[in-house]
Each structure stands twice: as C-alpha cells, then as structure tokens.
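What follows is each chain in one-letter form.
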Amino acid sequence: MLPRRWADGGYYRGDSQAANDDEGGHSDSTEGHDEDDEIYEGEYQGIPRADSGKGSLAGGPGSVGAGAQQFRDISVSEAERRKDQEELAQQYETILQECGHGKFQWSLYFVLGLALMADGVEIFVVGFVLPSAEKDMCLSEPNKSMLGLIVYFGMMVGAFLWGALADRIGRRQSLLISLSINSIFSFFSSFVQGYSTFLFCRLLSGVGIGGSIPIVFSYYSEFLSQEKRGEHLSWLCMFWMIGGIYASAMAWAIIPHYGWSFQMGSAYQFHSWRVFVLVCAFPSVAAIAALNAMPESPRFYLENGKHDEGWMVLKQVHDTNMRAKGYPERVFSVTTIKTVKQMDELVDVGTDTPAWQRYRLKIMTLLLCFSVLQIRNNILACFRPEYKRTTFMLMAVWFSMSFSYYGLTVWFPDMIKYIQKQEYESRTKTFTKERVEHVTFNFTLENQVHRQGYYFNDKFLNLKMKSMVFEDSVFEECYFEDITSTHTFFRNCTFIASLFYNTDLFKYRLVNCKLVNSTFLHNKEGCMLDFSDDFNNAYMIYFVNFLGTLAVLPGNIVSALLMDKIGRLRMLAGSSVISCVSCFFLMFGNTESGMIALLCLFGGISIASWNALDVITVELYPSDKRTTAFGFLNALCKLAAVLGISIFQSFVGITKAVPILFAAGALAAGSFLATKLPETRGQVLQ
C-alpha cells in the first residue's frame, strides 16, 4: 500500500527508532513487488506522531495555552534542525551509493543540459541579431547599447528570484516556471515590431533563463554521490558550450538568408533574423518537455519533511539504475530516511480545523514564498555567522572572474571590428575640387570622400552609397532616384533645384546643408534592410563566436577529468593564474587572426576556473540555502558582467593597456581569494 496520510492533509515523519520497532519496516517487505507498477506494495509505512490530530489553529478558551505549549524555544529548534541536517547528509550519501550512478543520472544529465544550453543560447542571441535589428528598428547607438545589455539585467533579476524560490517551492517546479517564461517571451520577441516591446520581451526572456544556472547545478548535484559530483557537474558545463555553438550555427545558417522574410506594407516586417530568434527558443521548449518526465529532487523533499515523496524518488533512481545494469532483482533496502524538523511544524493544523482554514493556510504559505520579504530573508540567511565569510569570499571571486571574463569576451569582437574598420578606412579614396557635369551614376559608390566638388545636371539612379562622404560640395539641378545608403553623409553641402525621389537620404544625413528650390518626393519609410554588402562581415561575426565557443572544449574535458583528482581549489586558482598570464599576450594582437587566436586561448583556459567555481559554490552551502546562494552569486556575476562590458568597450580604439591591466588584476585577485576558500573534494553534500 502507499504511505498513509492523515486526515488533516499533513505528512508525518517516521522516526528511525520507531521504524526499527515496527516489524513491517524491514526491506524484506518489498520483495515480490511489481517493477512496472507505480504503486508499490509492502513499502515503508509511516508511524503516526504522538501529537497527530491534536490541537488547532483556533479553539476554545484553552487554545491560547495549548498554542503556547506547542511553540518551542527557537534556538533549541534550530539546533535540532541543524542536527537533523547533519544526520540526513551522512545517510543521504550512503543511499546514493546504494542507488549507484547509471541510466537515471544520465537521463537527468541530458534534460538539465538542455536547460543549460538555453542559457548559453540566450547570451548570444542579441549580439547576433543586433546588426540586423538596428537597421530594421532604426536603432540609435544608446538604444543598441541598451539592447546589448538588457539580457544581463534580466538574467541578474532572474538568478536572484528563481534561486531563492527554488529553495522554497522546489528545484523542478522553479525551473519549469522560469523556462516557461523564457520560452514565451522569446517567442513573442520574434514577432513584435517596436523597439520598446522587443526590449521588454528580451528583458523578461532574460529573467526567465536567469534561473537556469543556479537551479540546474543544485538540482543535478543532489542526485550525485561525492566521488562522481565534481566530474559530472563539469561534464554538465559542456552544454553551455553547446548552446553557444548552436546559436552560432543557426545564425550562420539563417540570418544571411534574406529571402526568408515577408512584410505587410511598411507596418509589419518579418526578416530572417526574427526566424533566428524563434529557433533559439527551441532548447528551452525541449527542456520543458523533457523536465516533465523527471522527479523533484529527493533531497529537497527530505529537507522539507516529506519523507514518503523523497523515499519514492530514491527508489525510482535505484530501480532505474539496477534494471539498466541487468540487476532487476535487487531491492531498495532503505526503509526509513532522516527528515529535517520543519520550523512551521510548531503550528499543528489538527482535524478540528475547518477545511477552508487549512486550504487558506496552504495558499498563504505559497504566496509567502513569492513575497519580496521572503526572498530577502532567504538571501540574508546566507550571511549568518556560519556562512558570512564563505559568502563574502565567493562574492569577491565571482565578481572578479565575471568582470574580467565578460569584459574581455565582448572586448575581443569589438577590437576585431575596430581592426577591420581601420583596414577599411586605410583604403578610402579622396577626391578634391572635382567638377562633374551631365553624368549618370548607376553603380555602387563605396568608401570615398569628395571635398569641394561641383556637380551640375548629374543623375544618381538606382544605386547604393556605402561609407560615402560629401563635404563642402554643390549639387545643382541634380536628380536622385531610388537611393539606398549606409554610413553616408553630406556635410556643409548646397543643393540647388535638385529632386530627391524614393531615397533614404533623410535629414540626419544632410548635416548643415542648404536646400534651395529642392524637393523630396516619396521618401523611403523606416530603415531599409540591406545586407548585400555585409555578407563577409556577418559570417566573420558568427565564425569568431563559433571558434571562441568551441575553444572551451579542451578546458571542459580537462576540468572534468581532473576535478575530483586535484581538487576544486587547485583547479580554480590554477586556471585563474594561467588566464591572468595569458592576458598580457593580448598586447601582441594587432591583426584579426591574432585576436581570434588569443580569444580562443583565453576562453579555453578560463573555462576550467568557471567549472570549478560552479562545483565549489554548490558544495559550500546546505540544501536549504543552496540555490538561494547560487542565485545571489550568479546575479552578482551578471552585474559584474555589465560593468566589465561597459568599461572595456569604452577603451576600444583608445588603448589596450587599461583593459588588459583591469582583466589581469581582477583575475589575480580572484585566484588569490580562491585559495582562502575551504576545499570540498571528498565531502558529503551538506
């Protein structure tokens, strides 16, 4: 029969001593069960608490006195709770050893890998679509910068929010909600037209995916025994790399195909970059579908006093692994598992309490989990005396690594663009005081500067102007028709009796110009999407990111193989030191190929420190604070990323020395502080 529940709707907890006295509690009782049945016969049956069914939320005249007796001293209760957690940690490790590592963990590995892959995709989406979206939405430089950073703000809020909630409502449920929000708003963002609505959708998409990293690592770690934890959490990090490769490959395959688009007048346009945004939501949708087949973390159940649910999940893990290994006859021998005393057990909802009051209490408890005050309290719990030093040290390490890593990884592509721009400008042709009369221009004009020219009765028909500058020139009786321009400006020019028909030469392209008897007819509306001249540049962006992401593969493999052999701290500090040294090689990156090679080198080295930091963060906090602490630190990581990106970008084209010194200094400080953290290799999960 199934484990019993009492009439008051609450769970009871089996005492280990009482279970030993119960003759039906032995593992022999599970023999002969049907493995394909979801209802197991002869399994653990809980033992009623002595106070079951007594007391109520409201009662007669003696209810106040009865309630006072039920409230125990808080310090004593917390001490009992800590003792329960320590006993549970030891027993839980023994149970995981019995369950083994096999099919169940690998199935969960791929499911959670999809969620981590969705996080990797989210980082790259805006960067890949920005060159297209800026023309489609007529984005100014400040708007482009905000769009580039908005995903980090969203992920910062999401990590903070979902990390705290996962310790209250469960890892699986929180991850499902966060991924659903990410999927919904990623889908909407591919169709909305305005800049503001697109920005809003990407913000909420980032909020959703922000919960992925803190929940995924905590969730998976609670199914891994101590000798497997470091290695397999490192293997899980591979999916972030796969997400980056997926985003780069999809951008490469989709965005340049400009025929994959349609529009309804000038009001609604759906170009190929929007198809790319839609495709990037697939990993998140796939993770949601797969996660529905996975159970909640049994450690979360046991930490919250839900013995029967936790026992059932652990039995599922055991039976799945044993069947896959060819030992279906092996019986899960555990009958009773230690559960942690709950603080809210101080109030006993008895059978005399009306049903509507019991349901009201449950709803209020759920709403409390989502309250700002509860999230704040969860965060503050990470700063209690026993965790304060660890939390501050991890904050410094997370901040320093994120500041340098994200700052440099965005600075690299910007430097490559700057080098390309310098090379392009070095090929600029300059014409001075030229006089052109009765000439028809019907071919592309590109990368030219014309100063003090005079153009009389000339025709500019059906052509493209790219990076063209006309200064102090006069256009008299000239005719401009069907002109498409990019980075083209007329400065201090005079137009006399000239006609502009179906052009995109808007006023902001005419700087301090005089118009005398000149007319504009049927101007092109909006920002015209023309990528025909940007093929090579677009492919270069995708190729660089593809190489940079693929370069972390060796670092992932090395960290996974050595994490449990040399320890987390040596991996973290050693990788940070080598990354710090590699920063100084950036001074020699003066060509595109040189910068790409250095980007790959830095990424391949630094990934090992990230993997070690993820593992040690999971292992330094107890289960009831694990995702809260991880989410808080990951939110700090995104804040540091925004600062690093903003600061490093401001030095592009000015100097390399400052970004290099900033990155090297931050990595050096992070590696030093990492050595002060406690080593967690070989320890049970708190």
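On a predicted model such as this, the values are computed, not experimentally measured, just so you know.

> Quick question: what am I supposed to make of the overall build of the chain here?
Each helix and strand counted, the chain has 23 helices and 16 strands in total. Relative to its full complement of 686 residues, the chain shows a buried share of 51%. Long-range contacts, defined here as pairs at least 24 residues apart, represent 69% of the contacts in the chain between residues at least 6 apart. Counting every atom, the chain has about 29900 Å² of accessible surface; 60% of that belongs to carbon and sulfur.

> Before we go on, may I ask you to explain helix α10 (residues 238-254) in this structure?
For α10, which comprises 17 residues, the first-to-last C-alpha distance of 24 Å matches the rise-based estimate of 24 Å (1.5 Å per residue) to within 8%. Of all 17 residues that make up α10, twelve are buried, and the element is covered over most of its length. Every buried residue belonging to α10 is among M238, F239, W240, M241, G243, G244, I245, Y246, A247, S248, A251 and I254, and all of these are buried.

> Could you clarify how one ought to interpret the packing of helix α9 (residues 226-236) against α10 in this entry?
Look at α9 against α10: their axes get within 4 Å of each other, and the N-to-C directions meet at 5°. In this view, α9 runs roughly parallel relative to α10, as classed from their interaxial angle. Here S234, W235 and L236 of α9 come into contact with α10, specifically with M238, F239 and W240. Residue classes in the contact of α9 with α10 are distributed as five nonpolar, one polar and no charged.

> When you look at the pattern of salt bridges in this model, what are you seeing that I'm missing?
Two side chains that carry opposite charge are able to pair once their charged atoms sit near each other. Under the counting rule described, the total for this entry stands at 15 salt bridges. The partner of R427 in a salt bridge is E423, and the shortest N-O contact between them spans 3.9 Å. With relative accessibility at 49%, the residue R427 sits in the partly exposed group. The class of E423 is partly exposed, set by a relative accessible area of 42%. A salt bridge links E437 to R435; its shortest N-O distance comes to 2.6 Å.

> Can you help me understand empty space enclosed by the protein in this one?
Over the atoms rolls a probe the size of a water molecule, and in doing so it shows where empty space is left. Under the counting rule described, the total for this entry stands at six cavities of 30 Å³ or more. Reported here for the largest cavity is a volume of approximately 240 Å³. Lining the largest cavity are 15 residues, with I213, W240, Y406, W610 and D614 sitting closest to its centre. Only α4 (103-136), α8 (212-221), α17 (385-425) and α21 (592-619) provide two or more residues apiece to the lining of the largest cavity. The dominant element in the lining of the largest cavity, judged by the number of residues it contributes, is α21, at four residues. Of the residues contributing to the lining of the largest cavity, the split by class is eleven nonpolar, two polar and two charged.

> Would you mind showing me how to read the packing of aromatic side chains here?
Here a ring pair, both rings aromatic, is described through the centre-centre distance and the interplanar angle of the planes. This structure, assessed with the given rule, holds 48 aromatic pairs. Ring geometry for F124 against W240: centres 6.2 Å apart, planes inclined by 55°, an arrangement best described as tilted. Of the two residues, F124 sits in helix α4 while W240 sits in helix α10, which places them 116 residues apart along the sequence. For F124, a relative accessible area of 13% translates into the label buried. Among the residues examined, W240 registers a relative accessible area of 18% and is labelled buried. Counting every residue linked through ring pairs, the aromatic cluster contains F441, F443, Y455, F460, F470, F475, F480, F490, F495, F500 and F520. Between R299 and the ring centre of Y92, over which it is positioned, the NZ or CZ distance is 5.0 Å. R330 extends its terminal NZ or CZ atom over the ring of Y327, reaching a point 4.1 Å from the ring centre.

> Explain the side chain of S498 here, please?
Checked against the element boundaries, S498 lands in the loop between β12 (494-496) and β13 (499-503). For S498, a relative accessible area of 3% puts it in the buried group. Excluding residues within four positions of it along the chain, S498 makes contact with F475, E476, E477, C478, N517, S518 and T519.

> Teacher, can you tell me more about the pairing of strand β8 (residues 459-471) here?
Looking down a regular strand, the side chains alternate between one sheet face and the other. Bridge count for strand β5 (residues 440-441) against β8 is two bridges, and the pairing is parallel. Residue pairing in the sheet places T440 in a bridge with K459 of β8. Bridge analysis of strand β6 (residues 445-451) against β8 gives six bridges, and the strand direction is parallel. Opposite R451, over in β8, you have E471 as the bridge partner. Note: β8 against strand β11 (residues 489-491), three bridges, orientation parallel. Counted as the bridge partner of V469 is F489 from β11.

> Teacher, can you tell me more about the sheet that holds strand β4 (residues 435-437) here?
Judged by pairing direction, the sheet is parallel, and its five strands sit side by side in the order β4-β7-β9-β12-β15 without closing on themselves. Taken across any chain shown, the strands that pair with only one partner, and hence form the sheet edges, are β4 and β15 (514-516). Direction aside, neighbouring strands of the sheet carry axes that sit 10° apart on average. In the sheet, strand β7 (residues 454-456) pairs with strand β9 (residues 474-476) via three bridges, with the strands oriented parallel. Its bridge partner lying in β9, Y455 is registered against F475.

> Hey, could you run me through the state of the cysteines in this one?
Each disulfide consists of a covalent bond between the sulfur atoms of two cysteine residues. Tallying each qualifying case throughout the model produces zero disulfides. Between C493, a cysteine without a disulfide, and C513, which holds the nearest cysteine sulfur, the sulfur-to-sulfur distance is 4.8 Å. On the accessibility criterion, C493 (1% relative accessible area) is buried.

> Any chance you could explain unusual backbone geometry here in plain terms?
Its identity is not glycine, yet D482 carries a phi of approximately 50°, on the positive side. Positionally, D482 belongs in strand β10 (residues 479-486). One non-glycine residue, A497, lies in the positive phi region at around 50°. Secondary-structure assignment places A497 in the loop between β12 and β13.

> Looking at this structure, how should I read a nonpolar patch on the surface?
A cluster of nonpolar side chains, namely V577, V581, F585, M587 and F588, defines an oily patch on the protein surface of about 510 Å² accessible area. In this fold, F588 is placed in the loop between α20 (568-583) and α21. Judged by its relative accessible area of 65%, F588 falls in the exposed class.

> Any chance you could explain the environment of F443 here in plain terms?
Tracing the backbone shows F443 in the loop between β5 and β6. Look at F443 and you get partly exposed, because its relative accessible area is 44%. Leaving out residues up to four positions away in the same chain, F443 has contacts with L463 and K464.

What counts, and where the lines are drawn
- Residues numbered from 1 in each chain as written.
- Predicted model: local features only at pLDDT ≥ 70, side-chain atom pairs only at ≥ 80, totals over all residues.
- Heavy atoms only, no water.
- Helix = DSSP H or I, 4+ residues; strand = E, 2+ residues; numbered from the N terminus.
- Buried < 20%, exposed > 50% of the residue type's maximum accessible area, 1.4 Å probe, protein only.
- Contact = heavy atoms within 4.5 Å.
- Areas by Shrake-Rupley, 256 points an atom, 1.4 Å probe, with all protein chains shown as cover.
- Expected span 1.5 Å × (residues − 1).
- Axes fitted to C-alpha atoms, helices over the stretch in contact; angles between N-to-C directions.
- Parallel < 35°, antiparallel > 145°, perpendicular 65-115°, else oblique.
- Nonpolar A, V, L, I, M, F, W, Y, C, P; charged D, E, K, R; others polar.
- Salt bridge = Lys/Arg side-chain N within 4 Å of Asp/Glu carboxyl O.
- 1 Å grid on protein atoms, 1.4 Å probe; cavity = no way out; pocket = protein on both sides within 12 Å on 5 of 7 lines; lining within 4 Å.
- Points joined across faces, edges and corners; volume = space filled by probe spheres on them.
- Phe/Tyr/Trp six-rings, centres within 6.5 Å; stacked < 30°, edge-to-face > 60°.
- Lys NZ or Arg CZ within 6 Å of the ring centre and 35° of its normal.
- Pairing = 2+ DSSP bridges.
- Disulfide = S-S within 2.5 Å.
- Patch = residues over 30% accessible without salt bridge, like charges linked within 9 Å, V, L, I, M, F, W, Y side chains within 5 Å.

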